[in-house]
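What the coordinates show
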Amino acid sequence: MIFRRIAVIGLGLLGGSVGLAVAENLPGCTTTGFDADPEVRRRAAIRGLVSRVCETAAEAVAEAELVIFCVPVGAMGAAASAIAGALPKDALVSDVGSSKAAVTEALRAALPGAIVVPAHPVAGTERSGPDAGFAHLFRHRWCILTPPDDADPAAVSRLAAFWEALGANVEIMDAAHHDLVLAVTSHIPHLIAYTIVGTASDLEDVTRSEVIKYSAGGFRDFTRIAASDPVMWRDVFLTNRDAVLEMLGRFTEDLTALQRAIRRGDGAALHDLFTRTRDIRRSIVEQGQDDARPDFGRSDHED
Ligand SMILES: NC(=O)C1=CN([C@@H]2O[C@H](COP(=O)(O)OP(=O)(O)OC[C@H]3O[C@@H](n4cnc5c(N)ncnc54)[C@H](O)[C@@H]3O)[C@@H](O)[C@H]2O)C=CC1
Ligand SMILES: O=C(O)C(=O)Cc1ccc(O)cc1
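- Under an unreviewed UniProt entry, the chain has the name prephenate dehydrogenase and belongs to Tsuneonella litorea.
- For the chain, the Pathway (unreviewed entry) comment in UniProt is given as "Amino-acid biosynthesis; L-tyrosine biosynthesis; (4-hydroxyphenyl)pyruvate from prephenate (NAD(+) route): step 1/1."

**Focus on the sheet that holds strand β4 (residues 66-69)**
- Reading across from one edge, β3-β2-β1-β4-β5-β6 is the order of the six strands in this open sheet, with parallel pairing throughout. Edge positions in the open sheet fall to β3 (52-53) and β6 (115-116), since each of these has one partner strand only.
- Pairing between strand β1 (residues 5-9) and strand β2 (residues 30-34): five bridges, direction parallel. Along β2, the bridge assignment pairs Val-8 with Gly-33.

**Concerning the state of the cysteines**
- Throughout the structure, instances matching the rule amount to zero disulfides.
- Of all cysteine sulfurs, the one in Cys-70 lies closest to Cys-29, which takes part in no disulfide; the gap is 13 Å.

**Some points on the domain arrangement of the chain**
- Parsing the chain into structural domains produces domain 1 (5-174) and domain 2 (177-291).
- Put simply, the middle of domain 1 and the middle of domain 2, counted by C-alpha atoms, are 29 Å apart.
- Contacts between the two partners involve 20 residues from domain 1, matched on the other side by 18 residues from domain 2.
- Carbon and sulfur atoms make up 56% of the surface buried where domain 1 meets domain 2, a total of about 1500 Å² over both sides.
- Contact with domain 2 buries area across many residues of domain 1, yet Ser-98, Glu-126 and Arg-141 alone supply 33% of it, more than any other trio.
- Seen at the junction of domain 1 and domain 2, the total is one salt bridge.

**Some words on unusual backbone geometry**
- In the Ramachandran plot, His-140 falls in the positive-phi region, its phi being about 60° despite a non-glycine side chain.
- As for its position among the elements, His-140 is in the loop between β7 (119-121) and β8 (142-145).
- Residue classification places His-140 among the partly exposed residues on the basis of a relative accessible area of 46%.

**A short note on the site of ligand 1**
- Lining the immediate surroundings of ligand 1 are 28 residues, of which Leu-14, Asp-35, Val-71, Ser-98 and Gly-129 lie closest.
- Contact distances for ligand 1 include 3.2 Å between a nitrogen atom and a backbone N or O atom of Ala-36.
- In the model, an oxygen atom of ligand 1 is placed 2.7 Å from a nitrogen or oxygen of the Gly-129 main chain.
- Surface burial for ligand 1 is 86%, taken as the share of its 830 Å² of free accessible area covered by protein chains.

**A few points about helix α6 (residues 153-165)**
- Taking 1.5 Å of rise per residue, the 13 residues of α6 would be expected to cover 18 Å, and the 18 Å separating its terminal C-alpha atoms lies within 8% of that figure.
- Listed in full, the buried residues belonging to α6 are Ala-155, Val-156, Leu-159, Ala-160, Phe-162 and Trp-163. In a view along the axis of α6, the buried residues occupy a sector of 155°, so they form one face of it.
- For α6, the capping residue at the N-terminal end is Asp-152, with a side-chain oxygen 3.0 Å from the backbone nitrogen of Ala-154.

**Describing the nonpolar core**
- Grouped together as the largest cluster of nonpolar side chains are 41 residues, with contacts concentrated most on Ile-6, Val-18, Phe-138, Leu-145, Leu-159, Phe-162 and Trp-163.
- Those elements that provide at least two residues to this core are β1, α1 (13-25), α2 (38-47), β4, β8 and α6.
- Contacts of Trp-163, omitting those with residues within four sequence positions, involve Val-18, Val-96, Ala-119, Pro-121, Phe-138, Cys-143, Leu-145, Ala-168 and Val-170.
- Counting residues in each nonpolar core, the second largest holds 33 residues, with Ile-9, Val-73, Ala-91 and Phe-237 among its members.

Parameters at a glance
- Counting of residues starts from 1 at the beginning of each chain's written sequence and follows it residue by residue.
- The naming scheme follows written order: chains are lettered A onward, ligands numbered 1 onward.
- This being a predicted model, a pLDDT of at least 70 is required before a residue's local features are given, and a value of 80 or more before pairs of side-chain atoms are given or counted; all residues contribute to the totals for chains, interfaces and linings.
- The basis for every side-chain value is the complete set of heavy atoms in the structure, and neither hydrogens nor water enter the calculation.
- UniProt positions are given in the numbering used here, feature names are shortened, and annotations may be inferred rather than shown by experiment.
- DSSP bridges decide pairing: two strands pair if at least two such bridges lie between them.
- Numbering of helices and strands starts at the N terminus; helices are DSSP runs of H or I of at least 4 residues and strands are runs of E of at least 2.
- By disulfide we mean two sulfur atoms from cysteines, separated by a distance within 2.5 Å.
- Where a domain begins and ends is set by an automatic assignment or by a domain database.
- We call two residues contacting when some pair of their heavy atoms lies within 4.5 Å.
- Using a 1.4 Å probe, buried area is obtained as the accessible area two parts lose upon being combined, added over both of them.
- A side-chain nitrogen of Lys or Arg and a carboxyl oxygen of Asp or Glu constitute a salt bridge if their distance falls within 4 Å.
- For each residue, the accessible area found with a 1.4 Å probe, counting protein chains only, is set against the maximum for its type, and the residue is called buried under 20%, exposed over 50%, and partly exposed in between.
- Throughout, the term near means that a residue has one or more heavy atoms lying within 4 Å of the molecule or strand in question.
- Polar contacts, as used here, are pairs of N or O atoms within 3.5 Å; protein pairs need one atom able to donate a hydrogen and one able to accept it. Residues neighboring in sequence count only if both atoms are side-chain atoms.
- Exposure was quantified through the Shrake-Rupley algorithm and a 1.4 Å probe, taking into account, for residues, occlusion by the shown protein chains and nothing else.
- One less than the number of residues in a helix, times 1.5 Å, gives the span that helix is expected to have.
- Comment: arc refers to directions from the helix axis out to C-beta atoms.
- We call a set of buried Ala, Val, Leu, Ile, Met, Phe, Trp, Tyr and Cys residues a nonpolar core when their side-chain atoms join them within 4.5 Å.

Listed below in structure tokens is the structure:
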């Protein structure tokens, strides 16, 4: 048994999915859970997201061997401080946050002396809350561990084994590299989606009903991403500021080059880029990173 007792703090999409995935893949492992929102706790208990929903975070972690923080990245520090006095000495502390350097710092500052191995399952949907989670979320998805330099290798191996048991493929890298890579593969795409949907809705000469009525595939795909949780994404951009600004600078330069190609009627430049990007899409599909989940893209992720 990798871990016998796991505490999940935050019972939304990620926390709920962790609880359900543990129940499915690690029978015999008990999960406790806490969420700051009483209505989320109520729904979590009804859906059976964890074995026992607790009324306080301290109660949830009291006997835990692994504690996983599944709260927005800006709330990690406060959530960790709330369990500081109750965390068992040998417990392994981890999280699922989308940015890693700031979260690592927040967890280590709130829990001095604790064994902290941050993680990011690169798996999710645009949905959030206690009704959004499902047991198969992590199957065939990457989970990136970002252990600090002084992390105990045995703790890292245990956490890797845990995520593999939930169906994920594990990769290890340092937090700064994670933040740079995810800025370009996840954070900037979300920013672009938020922008284009906002731009369309601000247009004066195009009515809102026209935007909805004539939204072709491309715009519809952007609206799915732009429906992602505002608190979660606000926190991602505030905590991964430097990497996002670095990548946004590059993106802006490339967009300007494309703008110039269009203005000059440079069809070859457009064709070259679009050919290169199609190849990237094809290799993602070939590697099974597109729709490995049977219910990918559907909004009814009920178990
Ligand atoms: N949504 C996604 O697709 C993915 C999200 N993540 C990361 O997972 C984390 C959770 O995201 P979701 O589950 O999507 O969000 P969510 O909004 O579905 O759930 C977050 C839950 O945390 C609770 N919470 C907030 N502050 C708290 C505190 N101090 N103590 C206890 N509970 C608290 C909220 O009440 C909420 O129920 C975030 O850090 C996010 O960056 C990682 C991978 C994918
Ligand atoms: O729904 C989508 O397309 C996502 O991109 C989900 C997602 C959101 C945040 C993450 O840190 C990882 C995955």
